[in-house]
Amino acid sequence: MLKTLLIGIKDLKILSRDRAALILILLAPFLLTIGMGLVTGRFSGDNSSGISDIPIVIVNLDNDSLGNALVDVFNSDDLAELVEPTFSVDPEAARLLVDEDEVAAAIIIPKGFTQSIIPQSGSAVSNEEIKIEFYANPSRPTSAGIVKSIVDGFLARLDEMQLGGMTSVSQLIISGRIAPQDANQVGEEMGKRLQNAAGNSNEATAITLNTSTSEGEAVEFDVLSFFAPGMALMFLMYTVSYGGRSILAEKSEGTLPRLLVSPTNTIQVLGGKVFGIFLTGAAQMLILIGASSLFFRLNWGNAFGVVLLTLAAVFGATGWGMLITALARTPAQVGSVGSAVMLIFAMLGGSFIQTDNMPAFVQTFGKITPNAWAMNGFTTLALGGTLTPLSTPIVALLTMGISLLLLSAVLFGKKNLVQK
Amino acid sequence: MPNILEVQNLAKSYDNFTAVKGISFDIKEGEIFSLLGPNGAGKTTTISMLSTLYTPTSGDAVIGGHSITKDPMAVKQVIGVVPQEIALYEDLTARENLVFWGQMYGLGGKSLNSRVDEVLEQIGLTDKAKNRVKTYSGGMKRRVNIGVGLLHKPRLLFMDEPTVGIDPQSRRAILDTVKDLNKHGMTVLYTTHYMEEAAELSNRVGIIDHGELIALGTQDELTKQVGQAETLILHIGENEDPDALAKAVSSVEGVQKADVTNNEVSIITSDAKDILAGVVGKANERGIKIRSMDIREPNLEAVFLHLTGRALRD
Ligand SMILES: Nc1ncnc2c1ncn2[C@@H]1O[C@H](COP(=O)(O)OP(=O)(O)O)[C@@H](O)[C@H]1O
Ligand SMILES: [Mg+2]
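Residues numbered from 1 in each chain as written. Chains lettered and ligands numbered in written order. Predicted model: local features only at pLDDT ≥ 70, side-chain atom pairs only at ≥ 80, totals over all residues. Heavy atoms only, no water.

Enquirer: I would appreciate a short explanation of the coordination of the magnesium ion (ligand 2) in the present structure.
Expert: By definition of the ideal shapes, a tetrahedral metal site with four donors has angles of 109.5 degrees and an octahedral site with six donors has angles of 90 or 180 degrees. Residues and elements named next belong to chain B. Only Thr44 (OG1) and Gln84 (OE1) from the protein reach the magnesium ion (ligand 2) as donors, at distances of 1.9 to 2.1 Å. With Thr44 in helix α1 (residues 43-50) and Gln84 in the loop between β6 (79-82) and α3 (94-104), the pair connects residues that are 40 residues apart, well separated along the chain. By relative accessible area, which is 32% here, Thr44 ends up partly exposed. (Donors = N, O, S within 2.8 Å, 3.2 Å for Na, K, Ca; no water. Helix = DSSP H or I, 4+ residues; strand = E, 2+ residues; numbered from the N terminus. Buried < 20%, exposed > 50% of the residue type's maximum accessible area, 1.4 Å probe, protein only.)

Following this line, the structure appears as structure tokens:
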């Protein structure tokens, strides 16, 4: 038991000296989160809670079914307490209201918006993209964010979900085409693109956050409550495959055989490696959570729940790390399979995009990922949830971890850990 | 002296290749025993079985009274292992490595720390102990690799070619360390393909080739096997044909055996002086120019040559 702990701690120590790995497991998710936060106007102050009667101005130049439907949304009783819409016919004047800090945002529905989405018979199908302009007040990021989420929600209902360009940044980092230290900038650009896409129904859904505002309650909407855990969980999958990889690396570098000729048995050694992965993953997640709370003043919700959920998520992910390792032959294989799994899980598990809008089979399949369950839990917590609704994701993650660890133990048993 | 290790018909096959073909030998408490053999002879495979890492295909060995197949855990307590390939955590310092491996041998607390200090002193790395192993030279890494095997003061130390690929100075230091350890009571099983190391260190030598123990005994006993033979070594130029020379001199009266190694021809004979004239004559006949000659007293190299018809180093 003691040796198991010592092996795990040794692995954490070794990782803490691997600068490249630290960049990927801590800096990359952190910078990506910052990038997202910067563009979504998350960092410009205005952290008051209890938001209501957000002043906005709507310019409906479309005057057709869809434009009117959006206006109806903002006029609905559901949103009566949350937003205070005024109307204008002049886009310039509306933007001026934003610039003068009279309103939190201007929504400009351009002429022909409905037609661009539902082409009418007789009229020529235009290839021109017609976008809703969402003109946000940078000094009221939270309010603007809420309004934007309502627009996004509306747009999401309009169109089928399609994967946007969200995966690209992480893909680029992993394939080495951009350095992690540039992630922040790229993340920022990506965020910009998403914001531009407010009127592009295909892409807008990529950051749709279905914040429930139907009760008209004061909702503290924070995009980072979505991005921070999403990015952390994505790179958690990197950490567990890094750990798994170290098992095969220790085998080829001779330290694993050396452990086995010391009075330490296979179970202690493998247990130590599993513990090392778990420890590393937990340290990574808690550091990222701590950093985002500190630097972004992000409220993750009930602290006890956050810790429990984090440990369960790391445990589930550790199971995947071990399974990948048990199936691979070389450290390099663990690395490449691990990176692929990290991306696929991030997509299926909703680290980039809310999965609610995905086809049912994708959602079902996503349940194999720790990302999906943990995102579910973190969202619950961020929205003020308590421990009770958390039990489902936690139990699911623990079950996942136990089954995968057992499966990998069987596979490791069949595979000779000693001889090459 | 009692035997600390008794090997009985130990064999190991990989898939369909037999690396060790049923070898038997004993090691007495307090001696340095060398397994001498060329690359691929089966030295590492033997050490791996004795250190309980590999399961023997057949046969057994008893170490300190415990069977390697039936009670491997007890065997592990008795032995220390210095693997052929350096097996250390490069991102940890020498001290951190020693502390970690000491913990794996059940050491802890103050006694671990003072033991680590002792070992660092012994391997001469006290000053560099706080540097990461990856900053070390090959020789320094080899020394840490040895240090790890010494931490728990094993009764029997396995050293698998501990001097491969390092500078002469480090090699000297390592050989001296082995002798020093032995002087303080540690029994050592040392494998090497360097005849000189086996000669310098060991009380007894086992010569291993193609998985078989082809000779076993003290150096005197072994060299007697070659008879009163001496070895005459002919060094020739790079452009000359050593095979032709070996063939030519074989017919000289008094030549027992002539073999080729690199650009040398080694001739085993009962008296080198008697055959000199004949050998030089044959070389001249063929127009092969001999650059220089050596006469060697019987040694382990000659024993190996005598037994296998090949040189140790190929
Ligand atoms: N894991 C293995 N699988 C197959 N053959 C092996 C394996 N390990 C060693 N061998 C073969 O067994 C023979 C003996 O190897 P080894 O014990 O390493 O020799 P030595 O240490 O004397 O150089 C060699 O021919 C080598 O190629
Ligand atoms: Mg070897």
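Enquirer: I tried to follow the domain arrangement of chain B on my own but got confused; where do I start?
Expert: In many reports, interface size means the accessible area that the parts give up when they come together. Structurally, chain B comprises domain 1 (3-216) and domain 2 (228-297). Each of domain 1 of chain B and domain 2 of chain B was reduced to a C-alpha centroid, and the two centroids are 39 Å apart. (Domains from an automatic or database assignment.)

Enquirer: Please explain the sheet that holds β6(B) as it appears in this structure.
Expert: Sheet strands associate in pairs through backbone hydrogen bonding, adopting either a parallel or an antiparallel arrangement. All names here are of chain B. One open sheet holds the six strands; their spatial order is β6-β7-β8-β3-β9-β10, and the pairing between them is mixed. Each of the sheet's edge strands pairs with one partner strand only, and the pair in question is β6 and β10 (212-218). Across the sheet, the axes of successive neighbouring strands diverge by a mean angle of 15°, strand direction being ignored. Where helix α5 (residues 138-150) meets the sheet, its contacts fall on β6 and β7 (156-160), and the angle it forms with β6 comes to roughly 170°. Against the sheet, helix α6 (residues 168-183) contacts β3 (32-36), β7 and β8 (187-192), and its axis sits at roughly 155° relative to β8. (Pairing = 2+ DSSP bridges. Axes fitted to C-alpha atoms, helices over the stretch in contact; angles between N-to-C directions. Contact = heavy atoms within 4.5 Å.)

Enquirer: Help me understand the interface of chain B and chain A, please; the structure alone is not making it clear to me.
Expert: Between chain B and chain A, the residue contacts involve 29 residues of the former and 22 residues of the latter. Looking at the side of chain B facing chain A, the largest losses of area belong to B:Leu53, B:Tyr89 and B:Met104, adding up to 27% of the total buried there. Run the count over chain B and chain A and you get two salt bridges. On the surface where chain B and chain A come into contact, there are eleven residue pairs in polar contact (both at pLDDT 80 or more). For the side of chain B that touches chain A, the elements supplying multiple residues, two or more each, are β1 (3-14), α2 (72-78), β6, α3 and α5 of chain B. For the side of chain B that touches chain A, the element with the highest residue contribution is α3(B), accounting for five residues. (Buried area = accessible area lost by both parts, 1.4 Å probe. Salt bridge = Lys/Arg side-chain N within 4 Å of Asp/Glu carboxyl O. Polar contact = N/O pair within 3.5 Å; in protein donor to acceptor, adjacent residues only side chain to side chain.)

Enquirer: I'm lost on the nonpolar core in this one. Help?
Expert: In summary, soluble globular proteins display a tendency toward joint burial of nonpolar side chains. A:Leu233, A:Met237, A:Met322, A:Phe378 and A:Leu397 are the most contacted members of the largest nonpolar core, which has 69 residues in total. Broken down by secondary-structure element, the contributors of at least two residues to this core are α2 (19-39), α10 (224-253), α12 (266-295), α13 (303-327), α14 (331-348), α16 (370-382) and α17 (391-414) of chain A. For this core, the leading source of residues is α10(A), giving 15 residues. Apart from the residues within four sequence positions on either side, A:Phe378 is in contact with A:Pro229, A:Leu233, A:Met285, A:Ile289, A:Trp300, A:Val306, A:Leu309 and A:Thr310. With 58 residues, the next largest nonpolar core counts B:Ile47, B:Ala94, B:Leu112 and B:Ala129 among its residues. (Core = buried A, V, L, I, M, F, W, Y, C linked by side-chain atoms within 4.5 Å.)

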